[in-house]
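Structure at a glance
Here's the letter readout for the chains.
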Amino acid sequence: MRWNLNTSAYKRVSSRDAAMDPDVEMPVKLADGGGAGPSWRMSLPHVCVATLTSFLFGYHTGVVNEPLESISADLGFAGNTLAEGLVVSICLGGAFVGCLFSGSVADGIGRRRAFQLSALPMIVGAAISALTNSLEGMLFGRLLVGIGMGLGPPVAALYITEVSPPSVRGTYGSFVQIATCLGILFSLLVGTPVKDIDRWWRVCFWVSAVPAALQAIGMEFCAESPQWLYKCGRTSEAEMQFEKLLGPLHVKSAMAELSRSERGDDGENVKYSELFYGRHFNVVFIGTTLFALQQLSGINSVFYFSSTVFRSVGVPSSFANICMGIANLAGSIVAMLLMDKLGRKVLLSGSFLGMAFSMGLQAIGANRHHLGSASVYLSVGGILLFVLSFSLGAGPVPGLLLPEIFPNKIRAKAMALCMSVHWVFNFFVSLLFLRLLEQLGPQVLYTIFSSVCVVAAVFVRRHVIETKGKTLQEIEVSLLQPQ
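Residues numbered from 1 in each chain as written. Predicted model: local features only at pLDDT ≥ 70, side-chain atom pairs only at ≥ 80, totals over all residues. Heavy atoms only, no water.

**Brief notes about the overall build of the chain**
A tally of helices and strands in the chain yields 23 helices and 0 strands. Across the 483 residues of the chain, 55% fall into the buried class. Here the analysis covers contacts within the chain between residues at least 6 apart in sequence; of these, 82% occur between residues at least 24 apart. Surface accessibility of the chain: about 20,200 Å² in total, with carbon and sulfur atoms responsible for 64%. (Helix = DSSP H or I, 4+ residues; strand = E, 2+ residues; numbered from the N terminus. Buried < 20%, exposed > 50% of the residue type's maximum accessible area, 1.4 Å probe, protein only. Contact = heavy atoms within 4.5 Å. Areas by Shrake-Rupley, 256 points an atom, 1.4 Å probe, with all protein chains shown as cover.)

**Considerations on the packing of helix α6 (residues 102-109) against helix α7 (residues 111-131)**
For the pair α6 and α7, the least separation of the axes is 7 Å and the interaxial angle reads 130°. Between α6 and α7, the angle falls in the class oblique. Remark: the crossing between α6 and α7 carries right-handed chirality. For the pair α6 and α7, contact is made by V105, A106, D107 and I109 and by R111, R113, A114 and L117, respectively. By residue class, the composition of the contact of α6 with α7 is 5 nonpolar, no polar and 3 charged. (Axes fitted to C-alpha atoms, helices over the stretch in contact; angles between N-to-C directions. Parallel < 35°, antiparallel > 145°, perpendicular 65-115°, else oblique. Left-handed = near helix turned anticlockwise from the far one by under 90°. Nonpolar A, V, L, I, M, F, W, Y, C, P; charged D, E, K, R; others polar.)

**Details of the pattern of salt bridges**
Tallied over the entire structure, the rule returns 6 salt bridges. A salt bridge links R111 to E162, with the nearest nitrogen and oxygen atoms 2.8 Å apart. Of this pair, R111 sits in helix α7 while E162 sits in helix α8 (residues 135-163), and the two are 51 residues apart along the sequence. For R111, a relative accessible area of 2% corresponds to the buried category. (Salt bridge = Lys/Arg side-chain N within 4 Å of Asp/Glu carboxyl O.)

**What to know about the packing of aromatic side chains**
Counted under the stated rule, the structure contains 9 aromatic pairs. Centroid distance F281 to F285: 5.9 Å. Interplanar angle 25°. Geometry classified as stacked. Here the residue F281 and the residue F285 both occupy positions in helix α14 (residues 281-296), the gap between them amounting to 4 residues, near one helical turn. Residue classification places F285 among the partly exposed positions, given a relative accessible area of 32%. Ring centres 6.4 Å apart and planes at 15° place the aromatic pair F433 and F449 in the stacked group. In this pair, F433 sits in helix α21 (residues 411-440) while F449 sits in helix α22 (residues 442-463), placing the two residues 16 residues apart along the sequence. You'll find F433 and F449 in the same group, each marked buried. Here a set of aromatic residues connected by ring pairs shows up, and it is made of F55, Y59 and F186. (Phe/Tyr/Trp six-rings, centres within 6.5 Å; stacked < 30°, edge-to-face > 60°.)

**So, the nonpolar core**
Nonpolar side chains in soluble globular proteins generally cluster together in the buried interior. Among the nonpolar cores identified, the biggest contains 98 residues, and M149, Y159, L290, F352, F406 and W423 are the most heavily contacted of them. If you tally residues by element for this core, the top one is α21, at 12 residues. The residue makeup of this core includes at least three contributed by each of domain 1 (39-222) and domain 2 (273-482). Leaving out residues up to four positions away in the same chain, L290 has contacts with L348, L401, F459, V460 and V464. In this structure, L75, V88, M138 and V190 belong to the second largest nonpolar core, which totals 18 residues. (Core = buried A, V, L, I, M, F, W, Y, C linked by side-chain atoms within 4.5 Å. Domains from an automatic or database assignment.)

**Some thoughts on the packing of helix α17 (residues 344-365) against α22**
Remark: α17 packs on α22, axes separated minimally by 8 Å, with the N-to-C direction vectors making an angle of 165°. Between α17 and α22, the angle is such that the two are roughly antiparallel. Crossing handedness for the pair α17 and α22: left-handed. Where α17 approaches α22, its residues K345, L348, S349, F352, L353, M355, A356, M359, G360, Q362 and A363 are matched on the opposing element by Q443, Y446, T447, F449, S450, C453, V454, A456, A457, V460 and R461. Class assignment for the residues of the contact of α17 with α22 results in 14 nonpolar, 6 polar and 2 charged.

**What about unusual backbone geometry?**
Positive phi values are uncommon outside glycine, yet R199 reaches one of about 60°. For R199, a relative accessible area of 44% corresponds to the partly exposed category.

**Things to note about the state of the cysteines**
This structure, assessed with the given rule, holds 0 disulfides. C48 supplies the cysteine sulfur nearest to C222, a cysteine that is in no disulfide, at a spacing of 9.4 Å. Using a relative accessible area of 6% as the deciding quantity, one classes C222 as buried. (Disulfide = S-S within 2.5 Å.)

**A look at helix α19 (residues 374-394)**
Taking 1.5 Å as the rise per residue, α19 with 21 residues should run 30 Å; its terminal C-alpha atoms sit 28 Å apart, in good agreement. Restricting attention to buried positions, one finds in α19 the residues S375, S379, V380, G382, I383, F386, V387, S389, F390, S391, G393 and A394. (Expected span 1.5 Å × (residues − 1).)

**Focus: the environment of T289**
As for its placement among the helices and strands, T289 is situated in helix α14. With 132 residues separating them in the primary sequence, T289 and V421 have C-alpha atoms 8.5 Å apart.

**Quick look at a nonpolar patch on the surface**
Where nonpolar side chains cluster on the molecular surface, the patch consists of F428, L432, L436, L440, V444 and I448 and spans about 480 Å² of accessible area. Within the residue set of the nonpolar patch, elements represented by two or more residues are α21 and α22. Among the elements that line the nonpolar patch, the one with the most residues is α21, at 4 residues. Relative to the elements of secondary structure, L432 occurs in helix α21. (Patch = residues over 30% accessible without salt bridge, like charges linked within 9 Å, V, L, I, M, F, W, Y side chains within 5 Å.)

**Some details on the environment of L86**
Position of L86 relative to the elements: it lies in helix α5 (residues 81-100). Accessibility expressed as a relative area gives 30% for L86, which makes it partly exposed. C-alpha separation for the pair L86 and R142, spaced 56 residues apart in sequence, amounts to 9.7 Å. For L86, the residues in contact, after removing those within four places along its chain, are L139 and L431.

**Description of the side chain of E466**
Checked against the element boundaries, E466 lands in the loop between α22 and α23 (472-479). There is no salt bridge for the buried E466, and the closest opposite charge comes from R344, which lies 5.0 Å off by N-O distance. Within the local environment of E466, its side chain forms a polar contact with the backbone nitrogen of R344, the two atoms lying 3.0 Å apart. A distance of 3.0 Å separates the side chain of E466 from the backbone nitrogen of K345, its partner in a polar contact. (Lys, Arg positive; Asp, Glu negative; His and termini not counted. Polar contact = N/O pair within 3.5 Å; in protein donor to acceptor, adjacent residues only side chain to side chain.)

Now the structure itself:
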């Protein structure tokens, strides 16, 4: 199935004709000093506070990586791979629950309050995990943290899209992946002393409460989404928020554009059932499949259990994990620079192919009897290259594509649905990884992951359109008109 981008629904018009027609939207000029567009500086602090959610997402993704062995020993379930997997995956189950309600919460109480609501279970859950002396307490704390993790990222994607000037929306969108990488790297650094300091894993959980509290407090000083306020009929408040985000010179034009985009939009009344049939099914299918393939590639099994893999080949896990975090961050920065040059589709397909090759190296490296010391280099090098390849496309691109390919009518609920699919597959891959590693062996399991990456690359080439340089209106029309 393909969709035609060369639609006749959008034709070039002269600037004079555009000015005479109130329904024709003019492009916003870049704010590069002498341009007429709004400056990026006013909205930057608000975006940075919002990306703390992504930082927390990354931190809790990696926080149990290094300390998992110490946690299991202290809480009395050492050697129980199912319990160890449950400590990781219960957080993802909670994230699924939180994500399901993220769209309704964001539309019901606003973006700012939704951020603060997501911070509350993350603070309480982190405290319970740090203080517990039982497996049950650890699972309950991780479940609460997961609910906050599921609620925050979809709201962050909405908020950043809605408060960012058009000229820097893509760059600000890339901040989400960079913040996630910084969170993962920070969790690896914090977990480094876990082997030398008794019960250091408790400190690792306490640390996570700090950025959650900072976000809850910081959101009191951030702007509310003008789009949400306008939908609620609070027009004067929306104008005040636009002034805070864009400056007083751009309030009238922003309100006029918002009025045109909202004309005839009944997005508040959309039901989840409408996403599974009719003209919206195509874009929802692309979004959910991308996130499913992203998780089935095995990326989060690498993040969660890389310490176990490194130790199995005799490599100090703390050093290797830090290298993995650096590779993730470096790739994300490169992706941010290339996103609007090479395009989303090129980065995404190339990323999946690189991941397939890297996982193949790990499968070969698992044959230690024939390769000897070379298996160490193949295993560790394969993991680092896998993470680098992921961060170049498969990591940042799906989250950026969501606000682009989803029509405004279904955007909030479609994002919540796709992120829920992400958490479901994340949960089962994380829960079953160690057990499958025991029963199938690393060669078979890594070969399966590599094959999934190849399938993902083919899917991207066949079904994903290039959105670089196209307006949201052009993307919406092209995707809703199958060729």
